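# Report on the structure
Next come the chains, spelled out residue by residue.
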Amino acid sequence: MKPWSRPQCAAALVAWSIVSIVLVWVDAPSWLRLPIVGVFSLTGFGLVVVLALRIRSVPLGFAVTIAVGVSCLILCSEVVLYTRGFSSMRTLLLQSVLVWIVAVWVARREISAWNREHHVMGRVMRRQRNSAADSAGGASS
Amino acid sequence: MTEATTLPTATATNVSDNQRRVSWACLGAIVLALVVGVLALVNSNEDAIGPYGLIEALPVLYFIAVGVVIAVLVCALRWKSQPTAIMTVGVISLVVLVHGSAGLLESQARFGTAWLHAGFAQSLMQLGHTSPYFDARFSWPGFFSGAGVLTELSGFSSPTVWLRFAPVVFVLCYIPPLLAIGRAILPGWRAPWIGVMVFMLGDWVGQDYFSPQTVTFILYLTIVAIALTYFRSREPGRISEWLQGLGSRMPRGLRWLGSMIYAGRRDQEPAQAPTTPRMRLGLLVVIVFISFAIMSSHQLTPIMTVAILAALAVLGRLRPWPIFVLIGVATLSWINFGATAYWSNHLQDIFGGFGKIGSSVDSGVGARIEGSAAHLEVLNYRIGFALFVWGLAGLGAIRLWWSGKRVSVPLLVVAGMPVMLIAGGSYGGEGLLRVFLFSLPGSALLISALILPLPRVPRWRVVIVTILVAFMAFPVFLVAIWGNEDFEHITTADLQLRQALYQMAPPGATIVTLGPDGPDRYQSLTLYNYAGTLFDHWPYPNVQAMVAQIPPNSQGTYVVISQPAVRYGVENLGTSPDLGAQVSAALLATKKFTLVYQNSAGEILRLNQPPPAPTPTTPGPGVAVAPSSFRISSGWERVR
């Protein structure tokens, strides 16, 4: 099986964060939330940071995943605690936003390529539309 | 021609097949040992725990299982290439069997302080804010708020759900950064794995429970691993050049030391991992990010982090060196702004012990050596084991030097710098325990250098001696790590007693306990007035004087006399095993107290409020006098 590319992994992490938010939102049972939301909360940000830094060493990659993930949980929960009061949902949202930011940074080249492609496609389509309208106008006149 | 090319290929295939078969056999042996060990622990008798702790309740099968895992791991060191699967599965099995033994054998999560920490997290979940004037730990709430969030996100209502297997999970989290540190400092694949094994079998201080110091220790190890892997400069910087100049003015006999440390032998340290400027910048941000989490979660760990990074910078092994200044300033900023409630009232606690090395050692060793004969023996085992580990580490440093005139400065810093903490204060008598824990990663790697000073296949002689030493040291380690289980393990009856207390006592009531006991303050932490323990003012001239310490409260005063507290008194203070019964009788004899709950784990007595309550009938064991029903939580499940 072909290993996932970095942008694919980043996209998977974004999807994981969204699934986590939904599971908490619908108050899913703990047997489902513990392996999905709990693990995301502990490691999600760490994983995306390891992805962004391209750490090749396996032990160090594990160590940074755990340490950065746990640090993110601690710091986000504290930011929420000291600003709006304790809230697990707000903490999860803050963590998710951080994951999305780094994920976008990881996949920035692919995003810009996609954007460029769609921009070019859009231009071509616009031109075709315009030329079609011009020819239609010319025909009517 | 054809034969000449075919034969080596056939031999290589046979070797490869043999190796694969041996590899599967080793993995099978480890997994079988793990299953047997876990089953042996689960089916053991918790009541057999005695004055020497958990070791008295451990079955023979458990020792055989651990022995098999150790033997396979040490034998695997003879493989030419790294047997990653065997080492990984073996070390994980070792952690589960050694550090999870109490969690598997006992009916409830152990250690009152772990339950107290769950109480801190629960308090944040309930109140939504910290209470810094209630307890100093609320000035460093990072771990507790994180634990609270994780609890809610995982769908649980109480953080006590994490307590039972927290030690295993935390110790497993030590493995990756320890391996990374080993790889950054010592050459070859064997030394880091030996270091990890020695760490797992040498970490007797019992700080791996549900606590901020454990999580921040994982973060600290990761920072050290990143610094040594990516920021370990091999070129001397300005500070080390200046120090080298200073060293050259030393007396002739000591000059070699300066040259060796500041400039010499750098070429024999493993090369720094390749990085790009962007990656280095990102890793610097990661270090600062992690250190922010450390400084807002624990008091001591950020100081140790700054000290290690400063020592590496001064000795020219860290570039860019100002990292430690940045983290140091950030730490001071947190103490100044985030922990104002603490330092404004505890300046004496913070700076009072600074430089008093003698008193720190005394409170860490001397003041702890008291209690029953068995407990004194346990303490002697602990001191002996710590000295044994440090002694082997010292021999490792010497052997490393003699084996090739090499000295690894980063290794000496990681092993030796934590000793500096002794000068920083006693930290409530726990300073020496922390010193040992922080020095253990470096000490374990030095011991690995003692076993294998050069990166080559060890001889069978070395393997057999290592296995024999490990077998002999393991029982001592078990006594050292689990020697307090007699009064630190918690039974279902202990938990039932506490749940009864929380159901009976109204908010604002005063709660007094005989001694440190059971599942301590795990819920409604700030709702009650905890007036300490009766052992806080030990010794008393008589039981009546002890009873006189109990403060009255119009909201109600409750006295908990539990068996863990009685056992604590017997083991630590040399009190009578009947002390609980004596105190209870003395309280009832005053006619001011009513027995409101009693079970096999202890009693709860309530101070009567005027008008005096009618004299109660004495209930039988396990009978709740108060008309309420109590739900027992196993600690595995959701606690409502």
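Procedures and definitions
- Residues numbered from 1 in each chain as written.
- Chains lettered and ligands numbered in written order.
- Predicted model: local features only at pLDDT ≥ 70, side-chain atom pairs only at ≥ 80, totals over all residues.
- Heavy atoms only, no water.
- Helix = DSSP H or I, 4+ residues; strand = E, 2+ residues; numbered from the N terminus.
- Buried < 20%, exposed > 50% of the residue type's maximum accessible area, 1.4 Å probe, protein only.
- Contact = heavy atoms within 4.5 Å.
- Buried area = accessible area lost by both parts, 1.4 Å probe.
- Salt bridge = Lys/Arg side-chain N within 4 Å of Asp/Glu carboxyl O.
- Polar contact = N/O pair within 3.5 Å; in protein donor to acceptor, adjacent residues only side chain to side chain.
- Nonpolar A, V, L, I, M, F, W, Y, C, P; charged D, E, K, R; others polar.
- Axes fitted to C-alpha atoms, helices over the stretch in contact; angles between N-to-C directions.
- Parallel < 35°, antiparallel > 145°, perpendicular 65-115°, else oblique.
- Left-handed = near helix turned anticlockwise from the far one by under 90°.
- Expected span 1.5 Å × (residues − 1).
- Core = buried A, V, L, I, M, F, W, Y, C linked by side-chain atoms within 4.5 Å.
- Phe/Tyr/Trp six-rings, centres within 6.5 Å; stacked < 30°, edge-to-face > 60°.
- Lys NZ or Arg CZ within 6 Å of the ring centre and 35° of its normal.
- pLDDT = per-residue confidence, 0-100.
- 1 Å grid on protein atoms, 1.4 Å probe; cavity = no way out; pocket = protein on both sides within 12 Å on 5 of 7 lines; lining within 4 Å.
- Points joined across faces, edges and corners; volume = space filled by probe spheres on them.

### Focus: the overall build of chain A
A tally of regular secondary structure across chain A gives five helices and zero strands. The helix and strand sequence of chain A, counted from the amino end, reads α-α-α-α-α. Expressed as a percentage of its 141 residues, the buried residues of chain A come to 44%. Sequence separation of 24 or more characterises 58% of the internal contacts of chain A that already satisfy a separation of 6 or more.

### Some points on the interface of chain A and chain B
When the parts of a complex come together, some accessible area is lost, and that lost area is often used as the size of the interface. At the interface, 39 residues of chain A touch 47 residues of chain B. Across the chain A/chain B interface, buried area totals approximately 3,300 Å², and carbon plus sulfur atoms make up 77% of it. When residues of chain A are sorted by the area they lose upon contact with chain B, Leu53(A), Leu60(A) and Phe86(A) head the list and together hold 19% of the total. Linking chain A to chain B there are zero salt bridges. Run the count over chain A and chain B and you get eight residue pairs in polar contact (both at pLDDT 80 or more). Among the secondary structure elements, those contributing two or more residues to the side of chain A that touches chain B are α2 (30–53), α3 (58–83) and α4 (88–106) of chain A. Examining the composition of the side of chain A that touches chain B, we find that 18 residues originate from one element, α3(A), more than from any other. In the side of chain A that touches chain B, the residues fall into 26 nonpolar, nine polar and four charged.

### Re the side chain of Asp486(B)
When you line up the elements, Asp486(B) lands in helix α23 (residues 485–488). Among all residues touching Asp486(B), those that are not within four sequence positions of it are Ile49(B), Gly50(B), Pro51(B), Gly53(B), Arg567(B) and Glu571(B).

### Regarding the packing of helix α13 (residues 301–314) of chain B against helix α19 (residues 409–416) of chain B
Residues and elements named next belong to chain B. Relative orientation of the contacting elements α13 and α19 amounts to 150 degrees, with a least axis distance of 10 Å. The angle between α13 and α19 places the two elements in the roughly antiparallel class. Once α13 is placed against α19, the crossing between them reads as right-handed. Taking contact as the criterion, the partners of Ile-308, Ala-311 and Leu-312 in α13 are, on α19, Pro-410, Val-413 and Val-414. Partitioning the contact of α13 with α19 into residue classes produces six nonpolar, no polar and no charged.

### Focus: helix α7 (residues 166–185) of chain B
Over its 20 residues, α7(B) extends 29 Å from the first C-alpha to the last, a length consistent with the 28 Å expected when each residue adds 1.5 Å. Where burial is concerned, most of α7(B) is hidden: 17 out of the 20 residues are buried.

### Thoughts on the nonpolar core
Met200(B), Trp204(B) and Ile226(B) are the most contacted members of the largest nonpolar core, which has 212 residues in total. Non-local contacts of Ile226(B), meaning those with residues more than four positions away in its chain, are made with Leu60(A), Val64(A), Phe231(B), Leu283(B), Val286(B), Ile287(B) and Ile290(B). Judged by nonpolar contacts, the second largest core, of 21 residues, contains Ile561(B), Ala565(B), Leu579(B) and Leu587(B).

### Focus: the pattern of salt bridges
Residue and element names in this part refer to chain B. Counted by the stated rule, this structure contains four salt bridges over all chains. The salt bridge involving Arg-110 is made with Glu-485; its shortest N-O contact spans 2.6 Å. Of the two residues, Arg-110 sits in the loop between α4 (101–105) and α5 (112–127) while Glu-485 sits in helix α23, which places them 375 residues apart along the sequence. Residue classification places Arg-110 among the buried residues on the basis of a relative accessible area of 15%. Using a relative accessible area of 0% as the deciding quantity, one classes Glu-485 as buried. Linking Asp-486 and Arg-567 is a salt bridge whose minimum nitrogen-to-oxygen distance equals 3.7 Å. Of this pair, Asp-486 sits in helix α23 while Arg-567 sits in helix α26 (residues 563–573); the two residues are 81 residues apart in sequence, bridging distant segments of the chain. The exposure class of Arg-567 is partly exposed, given its relative accessible area of 22%. Linked by salt bridges that have partners in common, Arg-110, Glu-485 and Glu-488 make up one network.

### Looking at the packing of aromatic side chains
One pair of aromatic rings is described through two measures. These are the centre distance and the angle between the planes. Counted under the stated rule, the structure contains 28 aromatic pairs over all chains. Pairing Phe45(A) with Phe289(B) gives two aromatic rings, centres 5.7 Å apart and planes at 50 degrees, and the pair type is tilted. Separated into two different chains, Phe45(A) in helix α2 and Phe289(B) in helix α12 (residues 277–295) make up a pair that spans both. Where Phe487(B) meets Tyr568(B), the ring centres are 5.3 Å apart and the plane angle is 85 degrees; that geometry is what we call edge-to-face. Taken together, the residues Phe487(B) in helix α23 and Tyr568(B) in helix α26 connect sequence positions 81 residues apart. We classify Phe487(B) as buried; its relative accessible area is 8%. Tyr568(B) gets classed as partly exposed once you look at its relative accessible area, which sits at 22%. Taken together, Tyr62(B), Phe63(B), Phe385(B), Phe388(B), Phe474(B) and Phe477(B) form an aromatic cluster joined through their ring pairs. Between the NZ or CZ atom of Arg108(A) and the centre of the ring of Trp105(A), over which it lies, the distance is 4.2 Å. The ring of Tyr530(B) is capped by Arg521(B), whose NZ or CZ atom sits 5.3 Å from the centre of that ring.

### Describing the confidence of the model for chain B
Detail in the predicted coordinates should be disregarded across regions flagged by low pLDDT. Residue and element names in this part refer to chain B. Mean pLDDT over chain B stands at 81; residues scoring 70 or higher make up 80%. In this model residues 1–7 is a low-confidence stretch, pLDDT under 50, and it forms one contact with partners more than four residues away in sequence or in other chains. Within the model, the stretch residues 611–640 combines pLDDT values under 50 with 59 contacts to residues more than four positions away or in other chains.

### Observations concerning α13(B)
Residues and elements named next belong to chain B. Helix length check: α13 (14 residues) gives 20 Å between terminal C-alpha atoms against 20 Å at 1.5 Å per residue, within 8%. Summarising burial for α13: 12 of the 14 residues are buried, a large majority. Restricting attention to buried positions, one finds in α13 the residues Thr-301, Pro-302, Met-304, Thr-305, Val-306, Ala-307, Ile-308, Leu-309, Ala-310, Ala-311, Leu-312 and Ala-313. Downstream of α13 by a residue or two, Gly-316 has a phi angle that is positive, lying close to 75 degrees.

### A closer look at the layout of surface pockets
Each pocket or cavity is described by its volume, and for the second largest pocket that value is around 740 Å³. Along the walls of the second largest pocket sit 29 residues, with Leu42(A), Leu150(B), Trp162(B), Val169(B) and Phe170(B) positioned nearest its centre. Listing elements by their share of the lining of the second largest pocket, those giving two or more residues are α2 and α3 of chain A together with α6 (142–153), α7 and α9 (212–230) of chain B. Among the elements that take part in the lining of the second largest pocket, α2(A) stands out by supplying five residues, more than any other.

### Focus on unusual backbone geometry
Despite not being glycine, Asp27(A) has its phi angle at roughly 55 degrees, a positive value. Locating Asp27(A) in the fold gives a position in the loop between α1 (6–25) and α2. The phi torsion at Phe111(B) lies on the positive side, around 75 degrees, for a residue other than glycine. Within the element layout of this structure, Phe111(B) appears in the loop between α4 and α5. By relative accessible area, Phe111(B) is classed as buried at 16%.

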